[in-house]
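These are the residues of each chain, in order.
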Amino acid sequence: MIVLGIESSCDETGLALYDTERGLLAHALHSQIAMHREYGGVVPELASRDHVRRALPLLSEVLSKANLDKKQIDAIAFTEGPGLAGALLVGSSVACGLAFALNKPVIGIHHLEGHLLSPLLASRPPEFPFVALLVSGGHTQLMRVDGVGRYELLGETLDDAAGEAFDKSAKLLGLDYPGGPAISKLATTGNPEVHVFPRPMLHSKDLNFSFSGLKTAVLTAVKKYPETLTEDDKANVARGFVDAIVDVLVAKCQSAMKQTGLKRLVIAGGVGANQQLRAALNAAANHHNPKKRFDVYYPELEFCTDNGAMIAFAGGMRLKANPNLATYNYSFNVRPRWPLSELSAA
């Protein structure tokens, strides 16, 4: 079964073709970072308009890469939510319009499920069950994953997501959008002893997170400097921030592994591409105590951020388990707010 995946929940337009027998056939992605950088963040109306411009050219690109005709598509999966309403509507309307024209079924996919399952596209995929750290600009959650649609929330952020804290702290340092990669790069040259920021909820005895206070600590540190920060000053603040947020994420992951008794940890979402986080998690996974060791899995770097491949794959997984999930209802409804807890097993 060949599934076309369409992702348009925020500021990336992604399309991909996935074959449930042969695997990923082709994918293409357009990022709107350059357009939104001028405004310091995503402008929803501009994002929606750009999705309109990009979707069909990207469809032609993936069909050409896979050497397929659109009539060979068996089903179309699209991001139904959560996300920006206008952006979601573009992907949904393209999916449903194309499906109607081809008389093919459609299936709406939860954006976070796409991220949770994206490491299964890697050359070294994990087996179920596993603990997943979903860490992005909009979400920071620890989940137990027992199969497709079988998710248990273990803990989540009570305020800012980790990626949001990265972006906001980077903005305080005058760094360009998106702030996450910029502040992480700057941190590599910083002195870890200059700023030792708090580790929020590190000892809370639960698996929840809180990052708004860490952002405030960065603001307080910046205000103590003269009017203009030197590059060394910025690097030192960035290092203190990155060390703090990584320490919390790693500690919570270790606690989740201990509480569940599982030995597989999956990292999903855009912050999963962060090199400091990966290095710290790899070190934690290879604990000197064999009883505390676990295996850690990551998506390929190209699938950490939003992409069509994860939507096509999630659609393929669900349809392979239950072909009746696909529908010929082309009303292209979307769900900007859609709790992952509402998903059922495939």
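These numbers come from a predicted model, not from an experiment.

J.: Describe in detail the overall build of the protein, supporting the description with residues and values.
T.: When you go through the protein residue by residue, the secondary structure sums to ten helices and ten strands. Counting only C-alpha atoms, the protein reaches 65 × 50 × 30 Å along its principal axes. Burial analysis of the protein (346 residues in total) assigns 53% to the buried set. In the protein, once contacts between residues fewer than 6 apart in sequence are set aside, the share between residues at least 24 apart is 72%. Between the mean site of the 34 positive side-chain charges and the mean site of the 35 negative ones, the protein shows a separation of 4 Å.

J.: Provide a residue-level description of the UniProt feature "binding site: substrate" (unreviewed entry) in the protein, including the pertinent values.
T.: With numbering matched to this structure, UniProt assigns "binding site: substrate" (unreviewed entry) to Leu134, Val135, Ser136, Gly137, Gly138, Asp167, Gly180 and Asn274. Secondary-structure assignment places valine 135 in strand β6 (residues 130–135). With respect to the helices and strands, glycine 138 occurs in the loop between β6 and β7 (140–147).

J.: Requested: an account of the packing of aromatic side chains, with residues and values cited.
T.: Evaluated as defined, the whole model comprises six aromatic pairs. The interplanar angle of 90° and the centroid separation of 5.1 Å between the aromatic rings of tyrosine 18 and phenylalanine 313 together place this pair among those described as edge-to-face. Separated by 295 residues along the polypeptide, tyrosine 18 in strand β2 (residues 12–19) and phenylalanine 313 in helix α10 (residues 308–321) bring together distant segments of the chain. Here tyrosine 18 matches phenylalanine 313 in class, with each residue buried. Between phenylalanine 100 and tyrosine 330, the aromatic rings sit 5.6 Å apart at their centres with planes inclined by 80°, giving edge-to-face as the arrangement. Remark: tyrosine 330 occurs in the segment after α10 and phenylalanine 100 occurs in helix α3 (residues 85–102); sequence separation between them is 230 residues. A network of ring pairs unites the aromatic residues Phe100, Tyr328 and Tyr330 as a single cluster.

J.: Please provide a residue-by-residue account of the pattern of salt bridges, values included.
T.: Evaluated as defined, the whole model comprises 15 salt bridges. Across the pair aspartate 50 and arginine 53 runs a salt bridge whose closest N-O atoms are separated by 2.9 Å. Placement of the pair is aspartate 50 and arginine 53 together in helix α2 (residues 44–66), with a separation of three residues, close to one helical turn. Each of the salt bridges in this network shares a partner with another, and the network as a whole consists of Asp160, Glu164, Lys168 and Lys215.

Cut-offs applied
- Residues numbered from 1 in each chain as written.
- Predicted model: local features only at pLDDT ≥ 70, side-chain atom pairs only at ≥ 80, totals over all residues.
- Heavy atoms only, no water.
- Helix = DSSP H or I, 4+ residues; strand = E, 2+ residues; numbered from the N terminus.
- Buried < 20%, exposed > 50% of the residue type's maximum accessible area, 1.4 Å probe, protein only.
- Contact = heavy atoms within 4.5 Å.
- Lys, Arg positive; Asp, Glu negative; His and termini not counted.
- Charge placed at Lys NZ, Arg CZ, Asp CG, Glu CD.
- UniProt positions renumbered as here; feature names shortened; annotations may be inferred.
- Phe/Tyr/Trp six-rings, centres within 6.5 Å; stacked < 30°, edge-to-face > 60°.
- Salt bridge = Lys/Arg side-chain N within 4 Å of Asp/Glu carboxyl O.

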